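Given next are the chains, with one letter for each unit.
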Amino acid sequence: MANVAVIGAQWGDEGKGKVVDWLASRADVVVRFQGGHNAGHTLVVGDQTYKLSLLPSGLVRGKLGVIGNGVVIDPEALLAEIDRVTAQGLTVTPDTLRIADNATLILPLHSAIDRAREGARGDKKIGTTGRGIGPAYEDKVARRAIRVADLAEPDTLSDKLDELLRHHNTLLNGLGAPTFEKQGLLDHLLALAPRVLPYAEPVWERLDDLRRSGKRILFEGAQAVMLDIDHGTYPFVTSSNTVAGTAASGTGVGPSAVGFVLGIAKAYSTRVGSGPFPTELHDATGKLLGERGHEFGTVTGRPRRCGWFDAALVRQAVKVGGIQGLALTKLDVLDNLPELRIGIGYEIGGEIVRRLPASPRAQAAAVPVYETVEGWTGSCRGARSWADLPAQAIKYVKRIEELVEAPVTLLSTSPERDDTILVRDPFEG
Ligand code: GDP
Ligand code: IMO
Ligand code: MG
């Protein structure tokens, strides 16, 4: 099996960036297929830390990066990120980065609407990143979005802006937020166009050529299965499908090209923003996990909510996400805890179930059922082989494998690129 898709198996921030960077040494091209600059992928290589939101993580290894049609692109954020990583010494040119010409653009009005709507929701807010992701996907589905290729046609832009503003200014007015005027937006887009267009092409054709010449594609997911618009904890989700199937539709390759699906999960759980989180800890242990794991959102800096590993939730993600192997990260954060808990199901209305129900009320009422396991003394931090791990840590990993019904094929033991244990090469299937 030549290709690999990496997806998050919890609520995001599992360490996808680190794993994609590590696997990129075995790939020829790294492709983003959904989400936008709501993602924050952190890569630590020696004394350099890279924080990527839109750019595929393979760029750090000098691999070709592709942004697929399923991604929503804020052109201003894209160019700022290119400038930022260029200042860090990376090379981003049309030779190393290609962008789908049919990808949807995020405009300044999208983040304005995102923020105004969140404000209006009050304590019922979703806790979005405020980056306009939801409103941009809504425009795409409503068939009024501006796409990358439109940047080359000022007349098309002008016509589309008329329709967009009719819709969005009505909404902004209703929300009591400032409206936008057309000329300002048109000038904004026309000013960015000459820097964006050199990257644009029909990427499906390049990916097809690469596949036919036997090159290996690594698909880099953003967010995670529990934030998936269909399969996640709706409505506390992002606005795209995050499951591996989207790697096909979000890039223009067929489903058979997706290859091995590697799910990434932390050895505990975190979540940023609102929404149900059955195994959340509000005590000293939760605080300790947050401090040890440096659990602050890469994009917004918000503290992440922390809790025990939820095997029922990850098992569900394995099933709906088509996950064939799991990369378990941040095992080191659990070092020297006397005992650990693993969520194995939920008690709902007196019954024990192994899946999170669809109803938000039932999700909020789900009481986790735990299995308690012994912790380990000693450290997993920096381990690069099974032999470096305390025996009890190996037992913890094995128990997780059983409960989530997927093998652990990769382990990560620190933020550093090479502190990784490969159990089975996902490119070998
Ligand atoms: P992503 O969104 O899934 O790419 O994850 P983020 O980069 O947002 O968050 C994961 C954080 O954990 C980053 O700060 C990583 O550097 C860090 N990290 C990744 N793997 C490990 C690990 O095995 N141990 C520890 N301690 N930190 C890790
Ligand atoms: P990575 O790729 C964690 C969350 C937001 C919010 C919800 C909707 O780094 O794992 P949105 O702005 O997408 O409309 O917000 O989704 N969220 C993430 N949480 N990691 C991410 O990405 C996220 N991207 C969005 O916090 O709860
Ligand atoms: Mg992240």
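Residues numbered from 1 in each chain as written. Chains lettered and ligands numbered in written order. Predicted model: local features only at pLDDT ≥ 70, side-chain atom pairs only at ≥ 80, totals over all residues. Heavy atoms only, no water.

K.L.:
Lay out the overall build of the chain with the relevant residues and their values.
P.N.:
Per the secondary structure count, the chain includes 12 helices and 20 strands. Whereas a compact globule of 429 residues would reach a radius of gyration of roughly 22 Å, the chain reaches 21 Å, a difference of no more than 12%. Across its three principal axes, the chain shows a C-alpha extent of roughly 65 × 50 × 40 Å. Out of the 429 residues belonging to the chain, those deemed buried represent 58%. Sequence-distant contacts, at least 24 apart, represent 76% of the contacts inside the chain between residues at least 6 apart. As displayed, the chain offers around 16,700 Å² of accessible surface, 51% of which is attributable to carbon and sulfur atoms. Across the chain, 49 positive and 52 negative side-chain charges occur, with their mean positions spaced 2 Å apart. (Helix = DSSP H or I, 4+ residues; strand = E, 2+ residues; numbered from the N terminus. Rg over C-alpha atoms; globule rule 2.2 N^0.38 Å. Buried < 20%, exposed > 50% of the residue type's maximum accessible area, 1.4 Å probe, protein only. Contact = heavy atoms within 4.5 Å. Areas by Shrake-Rupley, 256 points an atom, 1.4 Å probe, with all protein chains shown as cover. Lys, Arg positive; Asp, Glu negative; His and termini not counted. Charge placed at Lys NZ, Arg CZ, Asp CG, Glu CD.)

K.L.:
With reference to specific residues and values, describe the site of ligand 1.
P.N.:
Within the structure, ligand 1 sits among 19 residues, and Lys16, Gly17, Gly40, Asp332 and Ser412 are positioned closest to it. Between ligand 1 and Asp13, the relevant distance is 3.0 Å, taken from an oxygen atom to a side-chain nitrogen or oxygen of the residue. Lys16 is positioned with one of its backbone polar atoms (N or O) 2.7 Å from an oxygen atom of ligand 1. Out of a free accessible area of 580 Å², ligand 1 has 93% covered by protein chains. In terms of residues, the shell around ligand 1 owes the most to one element, helix 1 (residues 16-23), which gives three residues. (Near = heavy atom within 4 Å. Polar contact = N/O pair within 3.5 Å; in protein donor to acceptor, adjacent residues only side chain to side chain.)

K.L.:
Hey, could you go over the pattern of salt bridges for me, with residue numbers and the actual values?
P.N.:
Applying the stated criterion to the full structure yields 29 salt bridges. Across the salt bridge formed by Arg98 and Glu201, the nearest N and O atoms sit 3.0 Å from each other. Taken together, the residues span a long stretch of sequence, with Arg98 in strand 7 (residues 97-100) and Glu201 in strand 9 (residues 200-201) at a distance of 103 residues. We classify Glu201 as buried; its relative accessible area is 11%. Note that Glu280 and Arg305 form a salt bridge whose closest N and O atoms lie 2.9 Å from each other. (Salt bridge = Lys/Arg side-chain N within 4 Å of Asp/Glu carboxyl O.)

K.L.:
Which residues make up the coordination of the magnesium ion (ligand 3), and what values go with them?
P.N.:
At this site the magnesium ion (ligand 3) is bound by Asp13 (OD) and Gly40 (O), with donor distances of 2.0 to 2.1 Å. Within this pair, whereas Asp13 is found in the loop between strand 1 (4-8) and helix 1, its partner Gly40 is found in the loop between strand 2 (29-32) and strand 3 (41-45), the two being separated by 27 residues in sequence. In this structure Gly40 comes out as buried when scored by relative accessible area, which is 14%. (Donors = N, O, S within 2.8 Å, 3.2 Å for Na, K, Ca; no water.)

K.L.:
Quick rundown of the pairing of strand 7? Include the residues and the values.
P.N.:
Side chains Leu97 and Ile99 project from strand 7 onto one buried face, and the interleaved Arg98 and Ala100 project onto a second face that is buried too. Pairing between strand 5 (residues 64-67) and strand 7: three bridges, direction parallel. The partner of Ile67 across the bridge, within strand 7, is Ile99. Inspection of the sheet shows strand 7 paired to strand 9 by two bridges, in the parallel sense. Each residue of the ladder has a partner; that of Ile99, found in strand 9, is Ala200. (Pairing = 2+ DSSP bridges.)

K.L.:
Could you give an account of the site of ligand 2, naming the residues involved and the relevant values?
P.N.:
Lining the immediate surroundings of ligand 2 are 20 residues, of which Asp13, Lys16, His41, Thr129 and Thr238 lie closest. If ligand 2 stood free it would expose 550 Å²; the protein chains cover 97% of that surface. For the shell around ligand 2, the per-class residue count stands at seven nonpolar, 10 polar and three charged. (Nonpolar A, V, L, I, M, F, W, Y, C, P; charged D, E, K, R; others polar.)

K.L.:
Please set out the domain arrangement of the chain residue by residue, giving values where relevant.
P.N.:
By a frequent convention, interface size equals the accessible area lost on bringing the separate parts together. Segmenting the chain into domains produces domain 1 (4-100 + 200-260), domain 2 (104-196) and domain 3 (266-428). Residue-level contacts link six residues of domain 2 with five residues of domain 3. Counting the surface lost from both domain 2 and domain 3, the interface buries some 370 Å², and carbon and sulfur atoms represent 43% of this. Looking only at domain 2, the three residues that lose the most surface to domain 3 are Gly127, Thr129 and Arg131, adding up to 68% of its buried area. Run the count over domain 2 and domain 3 and you get zero salt bridges. The interface formed by domain 2 and domain 3 holds three residue pairs in polar contact (both at pLDDT 80 or more) in total. (Domains from an automatic or database assignment. Buried area = accessible area lost by both parts, 1.4 Å probe.)

K.L.:
Now, about the packing of helix 3 (residues 108-121) against helix 5 (residues 154-174): what can you tell me, with residues and values included?
P.N.:
Between two packed helices, both the angle of their axes relative to each other and the distance between the axes serve to describe the pair. Taken N-terminus to C-terminus, the directions of helix 3 and helix 5 make an angle of 30 degrees; their axes are 10 Å apart at the nearest point. Relative to helix 5, helix 3 is oriented roughly parallel. Classified by chirality, the crossing of helix 5 by helix 3 is left-handed. On helix 5, the residues that touch Leu109, His110, Ala112, Ile113 and Arg117 of helix 3 are Leu165, His168, Leu171 and Leu172. A breakdown of the residues in the contact of helix 3 with helix 5 according to their chemical character gives six nonpolar, two polar and one charged. (Axes fitted to C-alpha atoms, helices over the stretch in contact; angles between N-to-C directions. Parallel < 35°, antiparallel > 145°, perpendicular 65-115°, else oblique. Left-handed = near helix turned anticlockwise from the far one by under 90°.)

K.L.:
Just give me the short version of the sheet that holds strand 9, but keep the residues and values in it.
P.N.:
What the 10 strands build is an open sheet, ordered 9-7-5-2-10-1-11-15-19-20; its pairing is mixed. Edge positions in the open sheet fall to strand 9 and strand 20 (420-422), since each of these has one partner strand only.

K.L.:
Hey, could you go over the environment of Leu389 for me, with residue numbers and the actual values?
P.N.:
In this fold, Leu389 is placed in the loop between strand 18 (367-374) and helix 12 (391-404). Residue class for Leu389 comes out buried when judged on its relative accessible area of 7%. Separated by 58 residues in sequence, Leu389 and Leu331 have C-alpha atoms that sit 9.8 Å apart.

K.L.:
Account for unusual backbone geometry, with residues named and values stated.
P.N.:
Between Tyr234 and Pro235 the backbone carries a cis peptide bond, its omega angle lying at 5 degrees. Assignment of secondary structure puts Pro235 in the loop between strand 10 (217-220) and helix 8 (246-249). Not every positive phi belongs to a glycine, and Asp13 is a case in point at roughly 60 degrees. Positive phi, close to 60 degrees, is recorded for Glu405, a residue that is not glycine. Examined against the element boundaries, Glu405 turns out to sit in the loop between helix 12 and strand 19 (408-412).

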